[in-house]
Structure formats: C-alpha cells, structure tokens
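Notes for the structure review
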Amino acid sequence: MRISVEECANLLKEQDNILILTHAHPDGDTLGCGFALCRGLMKLGKICAVENADEIPKKYSYMYNDIVPIKFKPKYVVAVDVATETLLGDFEGKYHIDMCIDHHTTNTEYADNLLLEDVPAASETMLKVLEALGVEVDKGIANCLYTGITTDTGCFRYASTTADTYRAAARLIDAGADNGTINRVMFETKTKTYARLERLALDSMRFYADEKVAIITVTQEMYKLTGSNEQETEALAPLTRQIEGVEVGITIREKANGTCKASIRTFESVNAAQLAKEFGGGGHPQAAACQFDCGVKEAREMLVEKCQEILGKEE
C-alpha cells in the first residue's frame, strides 16, 4: 500500500524496537538513509538498529562509529532504498518487512510503501520523513543524508538532480554536513587495492554493438591479484559511461559462488532499469543492476544480445 510522508512518520511514531534494513552490497544512499533514520528515531527515544547482509565499507564508518549497538527483538522492520526483497541478499526472507522507504521506479511494493519516484536519492525522501517526525537534523544526520544525495547523483552531475535536490543539500550543509570532506572521500580518494583493481578492470573493457556498449569484467582472480574485494567495486560502474560514443556501460562482477551481478549505466537513449528488468533486476532510468545464476561469459552474452536488440530498435 502506498503511504504519504506524513503517514510514514505517524506509523514510525507508533512503533518501537525498529530494525532498519539496507540493501546488500551497500552504497551511500541506502546507508545514508538507514543511519539517518536510526539517529532520528533514537532522538525520539526509540530502540532501533541498522543491519546489512554484507560488510559495510570502511569509508562509511563516520555514519555509525558513534552509535552504540543495541540487541533487541525487532517488532517493526523498515527497508530503505530497497526496491525488491531480492536486493536484501542473504537477508531475503529472514524478516517480515513492514515498511519500505524508496525512490526506485521498479519498486515491487512489498510493504507499506513510501515511494517518491521523482527524487534522485532516497536520502532526499528521508529528509522529508525526519522533518515530518519533528526531528532536528544535527551534524550526524546531515552527514548521512548528504552522503546519500551526493553519491546517488554522482556529486550532482546526473540529469536526475533537481532544484529541490540542491535545496535539500543546502539545508544539510547548513545543518553541519561536511560536504567537502564527504565529496573528497566518495569521489577523489582511492585505496591502493582499488587503484590496482581499477587498472585490471579497465584492461578488461570490451566494446560491442558498434562500440555503443562497453563491458568491464571483474573476476575473483582480480580480487586475489590486487588484494581488493567486492566492497571496493562501487566506483567502477561509472567508468564505462565515460567513454565517448558509449550508450550502455556494464560492469559484471563475478561472485565467489560462480554467479555474477551486473551494474548498468546508460544515457537517456537507453533505459537502464528496463534493461535490468529483463533479467529480474531494476533500478533507475540511467543506473540499474541485476543478478545472474550463471557465469560471467554467459551473462555477458545475454546482456550483449539484449543491448543489440534495444539499440537496434532505437535506430
């Protein structure tokens, strides 16, 4: 059932022992939403916590390093920035989810659903929720939400960024968000292991469909050679879209069990969410993802075939 911002806030006011779930392979937006909501609810005297099925990258530690973990039995479960339950990874099916706060057009509406599809980051929606709750946005909350907004807009470069998004970011900076530091950590700082992985990933780039499709492949062997891991691959996906003439950029990551996941980036000529949906995934018009129960080679062949079909229709 669709709910409004006000209805969402009222439901949260009525609940306690609230567990907040963020999506697997977490990024800045899902974590920013999760820890901002957790901080806000704690200000209201609620018992709450944030959980993720995967390890959270260390670069996001400023969001939670001052939050004391609390053990409790969840009575109300909220998923944030999670379009489908499959995106919960190993947590899929573990909890009954009562509420979802999201912004993906591919959301499957599996719970009471606050879905604002016209915002580029779920953290922008979360700011509205916290304001409706009457929570004062302090520096900790501001850092979380600013991180979500800047990462999901590519540091405000994507066309999905609206005037309201800039206004929301400005309010967060006024509230104390360390915008300069956060942007530097998210967009300009690389670990040595990631730098080595990026070099191998770029070497793997291949072009298809008259060079309108670029595909990067990240294998388990690359992780071993570089000392990197899947948590460091988030920054690889935008690289494919930076090549002149490329309309569809795809990064395929091999998982330890031999299956793989594809991150898709496009320009306005191709809907990334619709392409991902063909393989059971989803996301945004220019940024989406899907998973495959097969190896990298087979997944690449299927993606190339579908891209050629889509680009052929566009001509």
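Quick note: structure is the one above.
Below or above, wherever it landed, is the structure these notes cover. Computed from a predicted model, the values in this text were never measured in an experiment.

Mapping Ile 3 onto the fold places it in the segment before α1 (5-14). Residue Ile 3 is classed as buried on the basis of its relative accessible area of 8%. Each C-alpha atom, one on Ile 3 and one on Leu 114, is 5.1 Å from the other, the two residues being 111 residues apart in sequence.

Turning to the packing of helix α4 (residues 139-152) against helix α6 (residues 179-187), a few remarks are in order. Packing of α4 against α6 leaves a shortest axis separation of 10 Å and a crossing angle of 45°. One way to sum up the angle between α4 and α6 is to call them oblique. Seen from above, α4 lies across α6 with right-handed handedness. Between α4 and α6, the residues in contact are Asn 143, Tyr 146, Thr 147, Thr 150 and Thr 151 and Asn 179, Ile 182, Asn 183, Met 186 and Phe 187, respectively. A class-by-class count of the residues in the contact of α4 with α6 yields four nonpolar, six polar and no charged.

Taken together, five strands build an open sheet; the order of strands is β2-β1-β3-β4-β5 and the sheet is parallel. A single partner strand is all that each edge strand has here, and the edge strands are β2 (48-51) and β5 (112-115). Along the sheet, successive strands turn relative to each other by an average axial angle of 20°, direction set aside. Here strand β1 (residues 18-22) pairs with strand β3 (residues 76-80) via five bridges, running parallel. Paired with Leu 21 across the strands is Ala 79, a residue of β3. Lying over the sheet, α1 contacts β1, β3, β4 (99-102) and β5, oriented at roughly 135° with respect to β4.

What counts, and at which threshold
- Residues numbered from 1 in each chain as written.
- Predicted model: local features only at pLDDT ≥ 70, side-chain atom pairs only at ≥ 80, totals over all residues.
- Heavy atoms only, no water.
- Helix = DSSP H or I, 4+ residues; strand = E, 2+ residues; numbered from the N terminus.
- Buried < 20%, exposed > 50% of the residue type's maximum accessible area, 1.4 Å probe, protein only.
- Axes fitted to C-alpha atoms, helices over the stretch in contact; angles between N-to-C directions.
- Parallel < 35°, antiparallel > 145°, perpendicular 65-115°, else oblique.
- Left-handed = near helix turned anticlockwise from the far one by under 90°.
- Contact = heavy atoms within 4.5 Å.
- Nonpolar A, V, L, I, M, F, W, Y, C, P; charged D, E, K, R; others polar.
- Pairing = 2+ DSSP bridges.

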